[in-house]
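Inside the fold
The residues making up each chain are set out below.
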Amino acid sequence: MSYAELTEKYFRPGRLPHIWCPGCGHGITTGAIIKAIDGLGLDKNDVAVVSGIGCSSRASGYLDFNTVHSAHGRALPVATGVKLANPELNVIVCTGDGDCTAIGGNHLIHAARRNINVTVVLFNNNIYGMTGGQYSPMTPTGSKASTAPYRTIEQPFNITDLVQAAGATFVARGTTFHTAQLVDLIKKGIQHDGFSFIEVVSACPTSFGRANKCGSPGDMMKWQRDHAVMKLAWDKMDAEKQAEAKAAGKFPIGVLFETNAIKEYTKAYDEVIAIAQGGKK
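In this report, the structure presented in the accompanying data block is examined.

1. Some remarks on the packing of aromatic side chains
In this structure the tally under the stated criterion is 4 aromatic pairs. Taken together, a centroid distance of 6.2 Å and an interplanar angle of 20° make the contact between Tyr265 and Tyr269 stacked. Linking Tyr265 with Tyr269, this pair stays in helix H13 (residues 265–278), spanning 4 residues, or about one helical turn. You can call Tyr269 partly exposed: its relative accessible area is 41%.

2. A short note on the side chain of Ser136
Tracing the sequence through the fold places Ser136 in the loop between strand E4 (118–124) and helix H7 (159–166). In this structure Ser136 comes out as buried when scored by relative accessible area, which is 4%. A polar contact is formed between the side chain of Ser136 and the backbone nitrogen of Met138, at a distance of 3.0 Å. For Ser136, the contacting residues outside a window of four places in its chain are Asp97, Gly98, Asn126, Ile127 and Tyr128.

3. Description of the pattern of salt bridges
Counted under the stated rule, the structure contains 9 salt bridges. Across the pair Arg173 and Glu199 runs a salt bridge, and its minimum N-O distance is 2.9 Å. Placement of Arg173 in strand E5 (residues 170–175) and of Glu199 in strand E6 (residues 196–201) is noted, with a sequence separation of 26 residues between them. Assessed through its relative accessible area of 8%, Arg173 is described here as buried. Judged by relative accessible area, which is 5%, Glu199 ranks as buried. Through salt bridges that share partners, Asp193, Glu264 and Lys267 make up one connected network.

4. Re the environment of Met230
Examined against the element boundaries, Met230 turns out to sit in strand E7 (residues 228–230). Each C-alpha atom, one on Met230 and one on Gly254, is 6.3 Å from the other, the two residues being 24 residues apart in sequence. In this structure, Met230 is in contact with His178, Gln181 and Ile253, ignoring residues within four places of it in sequence.

5. Observations regarding the layout of surface pockets
Estimates place the volume of the largest pocket at around 1100 Å³. Pro140, Trp223, Gly249, Lys250 and Phe251 are the residues nearest the centre of the largest pocket, which is lined by 39 residues in total. Mapped by element, the contributors of at least two residues to the lining of the largest pocket are H7, E6, helix H10 (217–227), helix H11 (231–235), helix H12 (239–247) and strand E8 (251–258). Classifying every residue of the lining of the largest pocket gives 18 nonpolar, 14 polar and 7 charged. Here the second largest pocket is characterised by a volume of approximately 290 Å³.

6. Comments concerning the packing of helix H6 (residues 105–114) against H7
Interhelical geometry of H6 versus H7 gives an angle of 50° and a closest axis separation of 7 Å. Classified by the interaxial angle, the pair formed by H6 and H7 is oblique. Mapping the contact onto sequence places Leu108, Ile109, Ala112 and Arg113 in H6 and Ile159, Leu162, Val163 and Ala166 in H7.

7. Here's the deal with a nonpolar patch on the surface
Together, Ile19, Ile53 and Met130 line one region of the surface with nonpolar side chains, adding up to about 230 Å² of accessible area. Structurally, the position occupied by Ile53 is in the loop between strand E1 (47–51) and helix H3 (59–62).

8. What about empty space enclosed by the protein?
Across all of its chains, the model carries 1 cavity of 30 Å³ or more by this definition. Estimates place the volume of the largest cavity at around 40 Å³. Lining of the largest cavity is provided by Gly73, Arg74, Ala75, Leu76, Thr95, Asp99, Cys100 and Gly104. Contributing elements (two or more residues each) for the lining of the largest cavity: helix H4 (75–85) and helix H5 (97–103). Looking at the lining of the largest cavity, its residues break down into 3 nonpolar, 3 polar and 2 charged.

9. As for the sheet that holds strand E2 (residues 66–69)
With mixed pairing, the 8 strands of this open sheet are ordered in space as E2-E1-E3-E4-E6-E5-E8-E7. At either margin of the open sheet sits one strand with a lone partner, and together these are E2 and E7. This sheet shows a mean twist of 20° between the axes of neighbouring strands, independent of strand direction. Bridging between E4 and E6 involves 6 bridges; their strand directions are parallel. By the bridge assignment, Asn124 is partnered in E6 with Val201. Along the sheet, helix H2 (residues 26–40) contacts E1, strand E3 (90–96), E4 and E6; its crossing angle with E4, the most-contacted strand, is approximately 160°.

Definitions and cut-offs
Residues numbered from 1 in each chain as written. Predicted model: local features only at pLDDT ≥ 70, side-chain atom pairs only at ≥ 80, totals over all residues. Heavy atoms only, no water. Phe/Tyr/Trp six-rings, centres within 6.5 Å; stacked < 30°, edge-to-face > 60°. Helix = DSSP H or I, 4+ residues; strand = E, 2+ residues; numbered from the N terminus. Buried < 20%, exposed > 50% of the residue type's maximum accessible area, 1.4 Å probe, protein only. Polar contact = N/O pair within 3.5 Å; in protein donor to acceptor, adjacent residues only side chain to side chain. Contact = heavy atoms within 4.5 Å. Salt bridge = Lys/Arg side-chain N within 4 Å of Asp/Glu carboxyl O. 1 Å grid on protein atoms, 1.4 Å probe; cavity = no way out; pocket = protein on both sides within 12 Å on 5 of 7 lines; lining within 4 Å. Points joined across faces, edges and corners; volume = space filled by probe spheres on them. Nonpolar A, V, L, I, M, F, W, Y, C, P; charged D, E, K, R; others polar. Axes fitted to C-alpha atoms, helices over the stretch in contact; angles between N-to-C directions. Parallel < 35°, antiparallel > 145°, perpendicular 65-115°, else oblique. Patch = residues over 30% accessible without salt bridge, like charges linked within 9 Å, V, L, I, M, F, W, Y side chains within 5 Å. Areas by Shrake-Rupley, 256 points an atom, 1.4 Å probe, with all protein chains shown as cover. Pairing = 2+ DSSP bridges.

Written as structure tokens, this is what we have:
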């Protein structure tokens, strides 16, 4: 299916053009989501897209599914409620690094802990792009931002490690340069029966790129190309080589962790309902 056909099928009429800046990776990420949904053959009525607040969270307003544009940081509790109310829905959360890992951080770790079957797509552009270019919990150390004009001193989260430690049963990372792989990762996340988390390394040329002299949007895409390492190649490195790669700003992409060993939350909750209705403890 062509881009024009995908747009006509999955975007709400009259909602385009979008607000994202030229060169922003969020359009690519949103495109990857609809390509994954289309590739799986999901009916639009069987998909719910929930977002919080921020550049990334505008995606829910453009997409022609069951959608909720919720409050800042609250996409995951809303998505949890949607999934519990109708476990048959494929619930996808579109969220940003500030929305998800700052004000929404506590919701993130508990959604992962519960292993509820929602798919979180984190649009990570390392900055609060919509509200003035403040630094986020994902902004690399030493970067400039409107709230850090002399550079940040805080360490960013390794968000994929954090959600895995919290209990997520599918964890992946992709980039907006590696689009075919990104579509595949989102597909796998949707198909996984449990909490799925896909971090997408996305460029913000306007707020992050200008402040940190990252060059053109094309240059920022080339940075992703040159710093992302396929998981298979990453695993072949010994600990010393991995440490050197991390020091050079490199990172693994692909499926980083997957398990089916933990029962999915809505299925466990159905068992509790059955016990209650049967009068058994």
